[in-house]
Structure formats: C-alpha cells, structure tokens
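# Structural characterization, general
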Amino acid sequence: MEKKRVASHVIHRKRKKLNSYMLAFALILVIVAFAVFLSVVKSGNIEKSDFYLQEGKAFFEKNETVKAIEAFEKAVKLNPKNEEAYNYLGLSYYKNNDFYNAVKAYKISLNIDPDNAEIHRYLGYSYYRIKEFNNAVEEFNKALQINPNDDTAYNGVGLSYKELTRYEISINYYEKSLEINPDNPLVYRYIGAAYFNLRDWNNSIKYYTTAVEMNPNDYIALNGLGASYGNSGNYEKSLEYNKKALLLNPSYESAKRNGKILEAWARRAG
C-alpha cells in the first residue's frame with residue numbers, strides 16, 4: 001500500500017513538472033508569435049511609409065506643397081525613423097513659408113542623422129528666416145564642420161552676421177564662399193552691401209560693379225551701386241544706375257526713394 005502511494009506521488013510530480021514545461025513552451029510560442037506579428041506590422045508600416053514618401057516627392061516636384069506635406073506627415077507617422085521623409089517635410093514647409101515647422105522637421109531629422117551637413121544648412125536658413133540669427137550661425141557652422149566646401153553655408157553665416165550688424169565678419173565669410181565658388185554674382189552684391197553699411201564707398205562700388213557686370217539685370221545691385229556713387233559724391237553716376245534699377249523694377253521702393261533724392265539734386269544742379 002505504501003509503495004502504491006509513493007508511486008502515485010512520483011507520477012503526480014512528473015505530471016506537474018510536465019505541465020510546467022508545457023506552459024513555459026506555450027508561453028514561448030506566444031512570445032515568438034507576437035514578435036513575428038510585430039515584425040510583420042513594422043515591415044508593413046515601413047512599406048507604407050516609403051509609399052507615402054514617394055507620393056510626397058511627386059507632389060513636391062509639382063509644387064503641390066500642401067499635398068506633399070500631408071503625404072510626408074503620413075510617412076513619418078508610419079515610420080518615425082524615415083529620415084528622408086523628415087528632410088522632404090522640412091523642405092516642403094520651407095517652400096510653403098512655414099519656417100517654424102521646417103525647423104521642427106529638420107531637428108527631428110538631425111536626431112536620426114546628426115552628421116547630415118545639408119540638413120544643418122537647411123536648418124540654418126530656416127532659423128535665418130525666423131530671425132533667430134545666432135541659432136542660424138550655429139547650424140551653418142555645424143554644416144561647415146562636416147563639409148568645409150559648402151559655399152552656400154558660408155553665405156548663410158555671412159547673411160546672419162550681416163543681420164547682427166557684424167559686417168566685417170560677414171565679409172570674411174562671403175570671401176570664403178567666393179574662394180569656393182567665384183562665379184556667384186549674389187555674393188559680390190552681399191559684399192557690396194556690407195561695405196556700404198561700413199560706409200566704405202570705394203569697396204562698395206567695386207563689389208557692386210562686379211555684381212552688375214556678372215548680372216546686368218540685378219536691380220538690387222544696380223540700386224546699391226547708384227547709392228554708393230551718390231554717397232561718394234558722384235551724383236551723375238548715381239542717377240544713371242538708379243534709372244537702370246527702376247527700369248528693371250519700377251516698384252522697387254529703395255530705388256524710388258533714392259530716385260526722388262537724386263531728382264531733387266538734379267533740379268538744384270540745373
């Protein structure tokens with residue numbers, strides 16, 4: 001009788017142990033199945049995200065920025081690691097003059113890839129457009145640390161320092177830009193404007209002249225050249241370039257103001 005009880009107890013223990021193994025095995029199967037399910041869902045989300053990315057790029061190329069933004073927003077919602085979608089989302093917001101949201105998109109993109117020089121530059125220009133010039137300088141310099149040959153980033157630093165009224169520093173950065181790309185007429189205009197603000201009329205005339213020679217239809221440079229000649233005392237040259245600027249853009253306010261001053265001078269001189 002005692003032997004039967006012992007045997008029964010052993011069998012019970014074995015069954016209990018077996019049940020524990022089976023329960024553990026079943027739990028493992030559930031975990032594996034759930035992991036597979038999540039993997040399938042994630043894979044599906046990535047595919048859908050890429051679909052919306054391509055759709056958004058198509059809208060972006062057609063300048064349909066509102067539709068592009070909607071598509072890119074769907075893309076990043078489905079895959080928060082979709083760096084390219086965030087980049088295009090920032091570009092679309094920037095193109096739509098929504099610079100604050102452009103800043104948000106670019107910052108998220110840089111959290112994914114902090115070494116993307118181009119996005120640091122884009123973020124810099126977004127900060128520039130919302131008048132956060134110190135932040136703009138910081139981002140432009142980060143871009144230049146990664147890519148020292150980015151002339152557009154040098155221009156961005158120069159423009160930002162110009163807004164901070166640090167004209168000598170802005171000229172240094174513009175000159176670095178010209179070392180990389182000497183064929184950009186806008187940079188000569190920027191330097192002309194910086195020297196104008198420093199009241200260095202000779203250098204202002206020099207750089208504005210180069211800008212106009214490279215692009216005769218740049219009415220801003222023509223107006224700046226005229227103003228520089230006027231401040232240097234050469235009113236005839238000033239009037240000549242002022243007229244050229246107004247011929248290209250009759251509604252340009254700065255040229256209209258300068259024109260009135262020069263007309264008054266011409267009447268007195270006559």
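Here is a short report on the structure shown in this document. Per-chain numbering applies: the sequence of each chain, read as written, is numbered from 1 onward. With pLDDT at 70 or above as the cut-off, local features in this predicted model cover only qualifying residues; side-chain atom pairs require 80 or more to be listed or tallied, and sums for whole chains, interfaces and linings still use all residues. Excluding hydrogens and water, the side-chain values take into account all heavy atoms of the structure.

### Details of the nonpolar core
To qualify as a nonpolar core, a set must consist of buried Ala, Val, Leu, Ile, Met, Phe, Trp, Tyr and Cys residues joined through side-chain atoms within 4.5 Å. Here's how the labels work: a residue is buried when its accessible area is under 20% of the maximum for its type, exposed when over 50%, partly exposed in between, all with a 1.4 Å probe on protein chains only. Formed by 59 residues in total, the largest nonpolar core has its most connected members in Leu-89, Val-157, Ile-191 and Leu-225. Discounting chain neighbours no more than four positions away, the residues touching Val-157 are Val-137, Phe-140, Asn-141, Leu-144 and Tyr-173. Only heavy atoms matter for contacts: two residues are in contact if any of them lie within 4.5 Å across the pair.

### Section: the pattern of salt bridges
Each salt bridge in this description consists of a side-chain nitrogen of Lys or Arg and a carboxyl oxygen of Asp or Glu lying within 4 Å of one another. For the structure on display, the rule yields nine salt bridges. Glu-64 is the partner of Lys-67 in a salt bridge, and the nearest nitrogen-oxygen pair spans 3.6 Å. Lys-67 sits in the partly exposed class, given a relative accessible area of 43%. For Glu-64, a relative accessible area of 27% translates into the label partly exposed.

### A short note on the packing of aromatic side chains
The aromatic pairing rule takes the rings of Phe, Tyr and Trp, using the six-membered ring of Trp, and pairs them if the centres are within 6.5 Å, calling planes under 30 degrees apart stacked, those over 60 edge-to-face and the rest tilted. Scanning the entire structure with this criterion turns up 15 aromatic pairs. With 5.1 Å between their ring centres and 65° between their planes, Phe-196 and Trp-201 make a pair best called edge-to-face. Both rings, one in Tyr-219 and one in Tyr-252, keep their centres 5.1 Å apart while their planes meet at 70°; by these two values the pair is edge-to-face. On the criterion of sequence distance, the pair formed by Tyr-219 in helix 11 (residues 219-232) and Tyr-252 in the loop between helix 12 (235-248) and helix 13 (253-269) is long-range, its members being 33 residues apart. For the purposes of this entry, the term helix denotes a DSSP run of H or I that reaches at least four residues, the term strand denotes a run of E that reaches at least two, and both are numbered from the N terminus.

### What to know about the side chain of Ser-49
The topology assignment puts Ser-49 in helix 1 (residues 2-61). Counting of polar contacts relies on pairs of N or O atoms within 3.5 Å, with two restrictions inside protein: one atom must be capable of donating a hydrogen and the other of accepting it, and residues adjacent in sequence are counted only when both atoms are side-chain atoms. A distance of 2.6 Å separates a polar atom in the side chain of Ser-49 from the backbone oxygen of Ala-75. Discounting chain neighbours no more than four positions away, the residues touching Ser-49 are Ala-75, Leu-78, Asn-79 and Asn-82.

### Digging into the packing of helix 2 (residues 65-78) against helix 3 (residues 83-95)
One can describe the packing of helix 2 onto helix 3 by two numbers: an axis separation of 9 Å at closest approach and a directional angle of 155°. Classified by the interaxial angle, the pair formed by helix 2 and helix 3 is roughly antiparallel. The handedness of the crossing between helix 2 and helix 3 is left-handed. Residues Thr-65, Ala-68, Ile-69, Phe-72, Glu-73, Ala-75 and Val-76 of helix 2 pack against Ala-85, Tyr-86, Tyr-88, Leu-89, Ser-92, Tyr-93 and Lys-95 of helix 3. Each residue gets one of three labels, nonpolar for Ala, Val, Leu, Ile, Met, Phe, Trp, Tyr, Cys and Pro, charged for Asp, Glu, Lys and Arg, and polar for the others, Gly among them. Residue composition of the contact of helix 2 with helix 3, by class: 10 nonpolar, two polar and two charged. Angular values range over 0 to 180 degrees, each being the angle between N-to-C directions of two axes fitted as lines to C-alpha atoms, with helices fitted over their stretch in contact. Our angle categories are set so that under 35 degrees counts as roughly parallel, over 145 as roughly antiparallel, 65 to 115 as roughly perpendicular, and the remainder as oblique. By the definition used in this description, the sense in which the near helix is turned from the far one sets the handedness, with an anticlockwise turn below a right angle giving left-handed and a clockwise turn giving right-handed.

### With respect to the layout of surface pockets
Here a cavity is any set of points on a 1 Å grid over the protein atoms alone where a 1.4 Å probe fits but cannot get out, and a pocket is any open set with protein on both sides within 12 Å along at least 5 of 7 lines; a residue lines the site when it has an atom within 4 Å of a point. Grid points are joined across faces, edges and corners, and a volume is the space filled by probe spheres set on the points. Looking at the largest pocket, its volume works out to about 340 Å³. Lys-162, Ala-193, Asn-197, Tyr-208 and Ile-220 are, among the 19 residues lining the largest pocket, the residues nearest its centre. When residues of the lining of the largest pocket are traced back to their parent elements, those giving at least two are helix 7 (151-163), helix 9 (185-197), helix 11 and helix 13. A total of six residues in the lining of the largest pocket trace back to one element, the largest contributor, which is helix 9.

### Thoughts on helix 9
An ideal rise of 1.5 Å per residue puts 18 Å on 13 residues; helix 9 measures up with 19 Å between its terminal C-alpha atoms. Those residues of helix 9 that sit buried are Val-187, Tyr-188, Arg-189, Tyr-190, Ile-191, Gly-192, Ala-194 and Tyr-195. Each element contacted by the buried residues of helix 9 is listed here: helix 7, helix 8 (167-180), helix 10 (201-214) and helix 11. Where helix 9 begins, one side-chain oxygen reaches toward the backbone nitrogen of Leu-186, 3.0 Å away; that side chain belongs to Asn-184. At the C-terminal side of helix 9, Arg-199 shows a positive phi close to 60°. The span you would expect from a helix comes to 1.5 Å times its residue count less one.

### As for the side chain of Asn-242
Looking at the element boundaries, Asn-242 is found in helix 12. Judged by its relative accessible area of 4%, Asn-242 is buried. Within the structure, Asn-242 has its side chain in polar contact with the backbone oxygen of Ala-255 (distance 2.9 Å). Not counting chain neighbours up to four residues away, the residues in contact with Asn-242 comprise Asn-223, Ala-255, Asn-258, Gly-259 and Leu-262.

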